[in-house]
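Remarks on the overall topology
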Amino acid sequence: MHIAMIGTGYVGLVSGACFAEFGSTVTCVDSNHDKIEQLRRGEVPIYEPGLQELVEHGVRSGRLRFTTDLASAVAQADAVFLAVGTPSRRGDGHADLQYVDAAAGEVAKALTGYTVIVTKSTVPVGTGRRVANLVRATNPLAHFDMASNPEFLREGSAIGDFMRPDRVVIGCESERAREVLRELYRPLYLLETPIVMTSLETAELTKYAANAFLATKITFINEIADLCEQLGADVSDVARGMGLDGRIGKKFLHAGPGYGGSCFPKDTLALARTAHDAGSPVRIVETVVAINAERKARMADRIIAACGGSVQGKTVAVLGVSFKPNTDDMRESPSLNIVPALQHAGAQVRAYDPAAMHEAAPLLPGVTWCTDAYHAAQGAHAVALLTEWNEFRGLDLEQLGGAMAGRVFVDLRNVYRAEAMAAAGFRYRSIGRGPLRGGTA
Ligand code: NAD
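All of these numbers come straight from a predicted model, not from anything done at the bench.

1. So, the site of the ligand
Surveying the vicinity of the ligand reveals 27 residues, the closest of which are Asp-30, Lys-35, Thr-86, Glu-155 and Lys-266. Between Tyr-10 and the ligand, the recorded distance is 3.1 Å, taken from a backbone N or O atom to an oxygen atom. Contact between the ligand and Ser-262: a nitrogen atom at 3.2 Å from a side-chain N or O atom of the residue. Expressed as a share of its isolated accessible area of 830 Å², the protein-covered part of the ligand is 88%. Secondary-structure elements contributing two or more residues to the shell around the ligand are helix 1 (10-22) and helix 5 (98-110). For the shell around the ligand, the element with the highest residue contribution is helix 5, accounting for three residues.

2. Points about the confidence of the model for the protein
Reading predicted coordinates in detail is not appropriate for stretches of low pLDDT. Confidence in the prediction for the protein averages 96 pLDDT; 98% of positions are at 70 or higher. Overall, residues 436-441 carries pLDDT values under 50, and its contacts beyond four positions in sequence, including any with other chains, amount to 16 contacts.

3. Quick word on the pattern of salt bridges
As a working rule, side chains carrying opposite charge can pair if their charged atoms are close by. All chains considered together, the criterion is met by 22 salt bridges. With a closest N to O distance of 2.8 Å, Glu-175 and Arg-178 form a salt bridge. Residue Glu-175 and its partner Arg-178 are located together in helix 8 (residues 175-184), separated by three residues, close to a single helical turn. Between Asp-245 and Arg-247 there is a salt bridge, with its nearest N and O atoms 2.8 Å apart. Of the residues examined, Asp-245 reaches a relative accessible area of 24% and is grouped as partly exposed.

4. Details of the sheet that holds strand 7 (residues 168-172)
Pairing in this open sheet of eight strands is mixed, and the strands run 3-2-1-4-5-6-7-8 from one edge to the other. The strands lining the two open edges of the sheet, one partner per strand, are strand 3 (64-67) and strand 8 (195-198). Neighbour-to-neighbour, the strand axes of this sheet turn through a mean angle of 25°, independent of strand direction. In the sheet, strand 6 (residues 144-148) pairs with strand 7 via two bridges, with the strands oriented antiparallel. By the bridge assignment, Ala-147 is partnered in strand 7 with Cys-172.

5. Examining the domain arrangement of the protein
When cut into domains, the protein gives domain 1 (2-197) and domain 2 (223-429). For domain 1 and domain 2, the distance between their C-alpha centroids amounts to 33 Å. Counting residues at the interface gives 18 residues for domain 1 and 18 residues for domain 2. Interface of domain 1 and domain 2: buried area, both sides summed, is about 1400 Å²; carbon and sulfur atoms make up 48% of it. When the buried surface of domain 1 facing domain 2 is broken down by residue, Tyr-47, His-94 and Glu-155 rank first, second and third, together holding 40% of it. In this assembly, domain 1 and domain 2 are joined by one salt bridge. As a salt-bridge pair, Glu-155 and Arg-331 come within 3.7 Å of each other at their nearest N and O atoms.

6. Side note on the sheet that holds strand 9 (residues 315-319)
Remark on secondary structure: sheet strands pair via backbone hydrogen bonds, oriented parallel or antiparallel. The sheet built from six strands is open, its strands ordered 11-10-9-12-13-14 with parallel pairing. Two strands close off the open sheet at either side, each with one partner strand: strand 11 (368-369) and strand 14 (427-429).

7. Notes on the packing of helix 5 against helix 6 (residues 127-138)
Their axes nearest at 9 Å, the elements helix 5 and helix 6 cross at an angle of 40°. It follows from the interaxial angle that helix 5 and helix 6 lie oblique. Helix 5 and helix 6 meet at a crossing whose hand is right-handed. On helix 6, the residues touching Val-100, Asp-101, Ala-104, Gly-105, Ala-108 and Lys-109 of helix 5 are Thr-127, Arg-130, Val-131, Leu-134, Val-135 and Thr-138. Grouping the amino acids of the contact of helix 5 with helix 6 by side-chain chemistry returns six nonpolar, three polar and three charged.

8. What about the pairing of strand 4 (residues 79-82)?
By the alternation rule, side chains of strand 4 split into Ala-79 and Phe-81 and Val-80 and Leu-82, which are all buried. The pairing of strand 1 (residues 2-6) with strand 4 spans four bridges and is parallel. When the sheet's bridge partners are listed, Ile-6 is paired in strand 4 with Leu-82. Direction of pairing for strand 4 relative to strand 5 (residues 115-119): parallel, over a ladder of four bridges. Bridge pairing links Leu-82 to Thr-119 in strand 5. Where the polypeptide runs from strand 4 across helix 5 and back to strand 5, its parallel neighbour, the crossover connection is right-handed.

9. Concerning helix 11 (residues 235-243)
Those residues of helix 11 that sit buried are Val-235, Ala-239, Met-242 and Gly-243. When helix 11 is viewed along its axis, its buried side chains cluster within an angular range of 90° and face the same direction. Opposite the buried face of helix 11, by more than 90 degrees, sit the exposed residues Asp-237, Arg-240 and Gly-241. Tucked into the core, helix 11 has its buried residues touching helix 10 (200-231). Capping of helix 11 at its N-terminal end is provided by Asp-234; its side-chain oxygen lies 2.8 Å from the backbone amide nitrogen of Ser-236.

10. What about the environment of Met-299?
The topology assignment puts Met-299 in helix 13 (residues 283-306). Assessed through its relative accessible area of 1%, Met-299 is described here as buried. When the C-alpha atoms of Met-299 and Met-197 are compared, they prove to be 42 Å apart, with 102 residues separating the residues in sequence.

Rules used in this analysis
Residues numbered from 1 in each chain as written. Predicted model: local features only at pLDDT ≥ 70, side-chain atom pairs only at ≥ 80, totals over all residues. Heavy atoms only, no water. Near = heavy atom within 4 Å. Polar contact = N/O pair within 3.5 Å; in protein donor to acceptor, adjacent residues only side chain to side chain. Areas by Shrake-Rupley, 256 points an atom, 1.4 Å probe, with all protein chains shown as cover. Helix = DSSP H or I, 4+ residues; strand = E, 2+ residues; numbered from the N terminus. pLDDT = per-residue confidence, 0-100. Contact = heavy atoms within 4.5 Å. Salt bridge = Lys/Arg side-chain N within 4 Å of Asp/Glu carboxyl O. Buried < 20%, exposed > 50% of the residue type's maximum accessible area, 1.4 Å probe, protein only. Pairing = 2+ DSSP bridges. Axes fitted to C-alpha atoms, helices over the stretch in contact; angles between N-to-C directions. Domains from an automatic or database assignment. Buried area = accessible area lost by both parts, 1.4 Å probe. Parallel < 35°, antiparallel > 145°, perpendicular 65-115°, else oblique. Left-handed = near helix turned anticlockwise from the far one by under 90°. Nonpolar A, V, L, I, M, F, W, Y, C, P; charged D, E, K, R; others polar. Right-handed = clockwise from strand over helix to strand, strands pointing away. Arc of directions from axis to C-beta.

Pasting the structure below:
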């Protein structure tokens, strides 16, 4: 099978490399010449564990290639996946479909023979049918079927998620197209991966519903964390006690600074807008969006409070700026709220992130970028742990404290135990774990 993957970003590159590993011949297309040139030189433009090796393997096998020439990639393809971005539209929160529409228009002109056009991007309900109409209008002779195959991979564990997914969702109304997609995902049948075959609209909505539910779960535990602080309870134990219930599940019950990333913020917003326009508002999701935005905006206040109410003239060491570990993705990262707010309050910020500093530097001006956590802590009055990278989980607290000008540690990911921090002489603040010692934060 020949695949053209239109859009070689986080989803397109991972999906393309994984389909090549499954045995298909994949041409990854991107309109960004620099990105394609980089990939042709063997450089993977994003940080994703295992991706460099997978891409190298795909290229060596002859089943993975990169081009800016969409037309020739599409002409040879049995299936064309649209994996371009669908960011929030400025102003109203709807998904911005300009990249999908532009790609679909180009694909339409390049189609030869029977082809399945598949939306892998997260797109609002109705987009698949709209894209099909657009293709038909552009190229009335095109012989194609439309399918929706939303992607559920998570950055940081994207390859495992793609290769061993909990399920694959395929929205499609043609048996011929279903056969093509079944063939592409055939290796997953051996793993007995559930394949949900459904309509275009249902597949599109399933993706939004899944993301909105996960965002709701995070927001729920964040509010319970705030309540824990008022009541003297420990949110880590509450989450464990809840999560061990099979009906609830342990995942996405980690209290923190509020969800960020390239998907949850824009997808919750887009779902809320779609539902509103459909006259069937999802008020729970609207509330989640509002609570999360407020939470992210308030997080710097916790750090400032932990520093005694002011960071004017103080130095704060920030550990981790990506929106989660194992990615360099900065989209909607809580650090983008927190760091400027600290600077605005008069703090000098020294920061270190194992992978995202290159992406973060232009977004966070005025930050002193450091070589590791201890370097960031040099002369700092407080450390703020924003992203729970593994290398921040076992810090030598003596060494860290020894380098600092003060001993405040704000742990927005609940990585450390209060006892260990107290033993190392730190004034420690975390999220939702009992009454706050030595002041309110
Ligand atoms: P991305 O911004 O990393 O990549 C999109 C790529 O598409 C860019 O490289 C861009 O240059 C390219 N592009 C845009 N228009 C093009 C065109 N006309 N022709 C060729 N290339 C074009 O985006 P992403 O994070 O990979 O997300 C893609 C889609 O997948 C979005 O809808 C997103 O919601 C969804 N998704 C993302 C994730 C994730 O974790 N990032 C997970 C699941 C689903």
